[in-house]
Amino acid sequence: MKGKIALVTGASRGIGKAIALAFAREGAKVVICGRKQETLAEVVKEAPGSIFAAVCHVGRAEDLQRLVESTTAQFGLIDVLVNNAATNIAQVPVLTATDQQFDKMVEVNLKSAFRLMQAVAPGMCERGSGSIINIASIAGLKPQYEGMLYSMTKAALIMMTQSYALELGPMGVRVNAIAPGLIKTILSEYYWKDPAAETLAISQQAVKRLGEPEEIAEIAVMLASGRSSYVTGQTIVADGGRTLQ
Ligand SMILES: NC(=O)c1ccc[n+]([C@@H]2O[C@H](COP(=O)([O-])OP(=O)(O)OC[C@H]3O[C@@H](n4cnc5c(N)ncnc54)[C@H](OP(=O)(O)O)[C@@H]3O)[C@@H](O)[C@H]2O)c1
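This write-up is about the structure you can find in this document. Since the model is a prediction, treat every value here as computed from it, not as a measurement.

Side note on the site of the ligand
Part 1 of the reasoning: Around the ligand, the structure places 31 residues, and the nearest of them are Gly 10, Gly 14, Arg 35, Ala 86 and Thr 185.
Part 2 of the reasoning: Broken down by secondary-structure element, the contributors of at least two residues to the shell around the ligand are α1 (14–25) and β2 (29–34).
Part 3 of the reasoning: Among the residues making up the shell around the ligand, the classes are represented as 14 nonpolar, 14 polar and 3 charged.

Brief notes about the pairing of strand β3 (residues 51–55)
Within a regular strand, the side chains alternate between the two sheet faces.
Part 1 of the reasoning: Direction of pairing for β2 relative to β3: parallel, over a ladder of 5 bridges. The residue bridging Val 31 from the neighbouring strand is Phe 52, located in β3.
Part 2 of the reasoning: For the crossover from β2 across helix α2 (residues 37–46) to β3, the handedness is right-handed.

As for the packing of α1 against helix α7 (residues 213–224)
Part 1 of the reasoning: Packing of α1 against α7 brings their axes to within 8 Å, and their N-to-C directions diverge by 50°. Put simply, α1 runs oblique to α7. Crossing handedness for the pair α1 and α7: right-handed. Contact residues: α1 offers Gly 14, Ile 15, Lys 17, Ala 18, Ile 19, Ala 22 and Phe 23, while α7 offers Pro 213, Glu 214, Ile 216, Ala 217, Glu 218, Ala 220, Val 221 and Ala 224.
Part 2 of the reasoning: Its residues assigned to classes, the contact of α1 with α7 comprises 11 nonpolar, 1 polar and 3 charged.

Looking at unusual backbone geometry
Part 1 of the reasoning: For Glu 146, which is not a glycine, the phi torsion comes out positive at approximately 60°.
Part 2 of the reasoning: Note on placement: Glu 146 falls in the loop between β5 (130–135) and α5 (148–168).

Conventions we followed
Residues numbered from 1 in each chain as written. Predicted model: local features only at pLDDT ≥ 70, side-chain atom pairs only at ≥ 80, totals over all residues. Near = placed C-beta within 6 Å. Helix = DSSP H or I, 4+ residues; strand = E, 2+ residues; numbered from the N terminus. Nonpolar A, V, L, I, M, F, W, Y, C, P; charged D, E, K, R; others polar. Pairing = 2+ DSSP bridges. Right-handed = clockwise from strand over helix to strand, strands pointing away. Axes fitted to C-alpha atoms, helices over the stretch in contact; angles between N-to-C directions. Parallel < 35°, antiparallel > 145°, perpendicular 65-115°, else oblique. Left-handed = near helix turned anticlockwise from the far one by under 90°. Contact = placed C-beta atoms within 7 Å.

As structure tokens, then:
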């Protein structure tokens, strides 16, 4: 990835941060976004000169436009786009989900990826190369109890990945998704903070531990680089074998 320019959303912590640091180690220049300057600045300190921060709420069209404009103004082009930022504001019984929750989940988890791909992919197509990675979830492959809105956005993200891959492949742009299982981050702490919940989750996996963000980052490096030059439209599952059962 030496000399490549990458944009990673939601990279002030968790999986996005691990991806940004892994890309930087591979020689890329990485623009990271999140909603808070202070937390982004801490990540920049870990790879100064390789990681650059941009405050952006991915649920806001004007923020995304500014993010793409400032990145292209500074670096000229974007070789790799990682749509990673997501939220789960509504782990609720399906019949209690509201209109507002539906719209917010779509805006942050799905429309942000659509908007960024629409803004970034044309430049990739013009240059005849680029890699887009969408961070989905195994929740997008199989419903989770009381997780309809989250699952729905991730399932749609997987279909968006396949659709973009089909149409952009002839222009040299590859589009893939990663579907993590349970990775130890703040987003997923509902499933592991309580030791009983963690034990239950692990009992449903072939690999008897939680995943680490760095294990997802390794897959992102492969998908971003020429090491996966014949791979497009795929969803790589990394779940310790959870979906085997
Ligand atoms: N952890 C898991 O078990 C797991 C499993 C499957 C899939 N995933 C997926 O992996 C991705 C990363 O999740 P994670 O577990 O690393 O989550 P996390 O630890 O909660 O980190 C989320 C990151 O996204 C940023 N973010 C949240 N809302 C944002 C917004 N509206 N605009 C911009 N940035 C925003 C956060 O920073 P700020 O709060 O400062 O904005 C943070 O940097 C997500 O797509 C998630 O669905 C995670």
